[in-house]
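So the chains spell out like this:
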Amino acid sequence: MRVSGPLQRQVSGDRHVLARVLAGDRLLRSGGPRTAALAAETAVLLQASSDAVLDLARAVFLLGASWSAETLELCRRRVRELYDADARAVEGLAGLRRGGSAF
């Protein structure tokens, strides 16, 4: 139950802030249509990652109250979803680092 709060505040919050920064970054938008599109897509992916962390935090909170097989499986599903969301967001960030050539 102690893990849920920091996941929500720090991990999800950091992703949310980075998504907002990418969505509003004028330098990236001025880097051409390909870079601007990649920045926008990566911001969406980071927001999805942030949402996945929130879902995981809720599942972890439930797991702290009930060690049922269903709750444990819910946590496993949430971790897989978070991993997938993070992998796509990392690809987008790597593409921005390379200058807008990802996906």
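Given the structure is predicted, the values throughout are model-derived calculations rather than measurements. (Residues numbered from 1 in each chain as written. Predicted model: local features only at pLDDT ≥ 70, side-chain atom pairs only at ≥ 80, totals over all residues. Heavy atoms only, no water.)

**Q** I would appreciate a short explanation of the side chain of Thr42 in the present structure.
**A** Locating Thr42 in the fold gives a position in helix H3 (residues 33-65). On the basis of relative accessible area, Thr42 is assigned to the buried category, the value being 0%. Setting aside chain neighbours within four positions, we find Thr42 in contact with Leu22, Ala89, Gly92, Leu93 and Leu96. (Helix = DSSP H or I, 4+ residues; strand = E, 2+ residues; numbered from the N terminus. Buried < 20%, exposed > 50% of the residue type's maximum accessible area, 1.4 Å probe, protein only. Contact = heavy atoms within 4.5 Å.)

**Q** Explain the confidence of the model for the protein here, please?
**A** Per-chain confidence: the protein averages 85 in pLDDT, with 95% of residues scoring 70 or above. Confidence, read as mean pLDDT per element, is least for helix H2 (residues 26-29) in the protein (79) and greatest for helix H4 (residues 69-98) (91). (pLDDT = per-residue confidence, 0-100.)

**Q** For this particular structure, what's the right way to read the pattern of salt bridges?
**A** Oppositely charged side chains may form a pair once their charged atoms are brought near each other. Tallied over the full model, the rule gives five salt bridges. A salt bridge links Asp55 to Arg58, with the shortest nitrogen-to-oxygen separation between them at 3.0 Å. In this pair, Asp55 and Arg58 both sit in helix H3, three residues apart, roughly one turn of the helix. On the accessibility criterion, Asp55 (28% relative accessible area) is partly exposed. For Arg58, a relative accessible area of 48% puts it in the partly exposed group. The salt bridge partner of Glu73 is Arg76, with a shortest N-O separation of 3.6 Å. Here Glu73 and its partner Arg76 are both found in helix H4, three residues apart, which amounts to about one turn of the helix. (Salt bridge = Lys/Arg side-chain N within 4 Å of Asp/Glu carboxyl O.)

**Q** When you look at a nonpolar patch on the surface in this model, what are you seeing that I'm missing?
**A** Judged by side-chain polarity, Val17, Leu18, Val21 and Leu93 come together as a nonpolar surface patch covering roughly 300 Å² of accessible area. In terms of residue count, the dominant contributor to the nonpolar patch is helix H1 (residues 4-24) (three residues). Structurally, Val21 is set in helix H1. Its relative accessible area of 45% is what places Val21 among the partly exposed residues. (Patch = residues over 30% accessible without salt bridge, like charges linked within 9 Å, V, L, I, M, F, W, Y side chains within 5 Å. Areas by Shrake-Rupley, 256 points an atom, 1.4 Å probe, with all protein chains shown as cover.)

**Q** Please explain the nonpolar core as it appears in this structure.
**A** One broad trend across soluble globular proteins is that nonpolar side chains are buried collectively. If you look at the biggest cluster of nonpolar residues, it comprises 12 residues: Leu7, Ala52, Val53, Leu56, Ala57, Ala59, Val60, Leu63, Leu74, Cys75, Leu82 and Ala85. Of all elements in the fold, only H3 and H4 reach the threshold of two or more residues within this core. Among the elements that take part in this core, H3 stands out by supplying seven residues, more than any other. (Core = buried A, V, L, I, M, F, W, Y, C linked by side-chain atoms within 4.5 Å.)

**Q** Explain the environment of Arg26 to me, please; I cannot follow it from the model alone.
**A** By secondary structure assignment, the location of Arg26 is in helix H2. Relative accessible area serves as the criterion here: at 70%, Arg26 is assigned to the exposed category. In sequence terms Arg26 and Ala36 are 10 residues apart; their C-alpha atoms lie 9.0 Å from each other.

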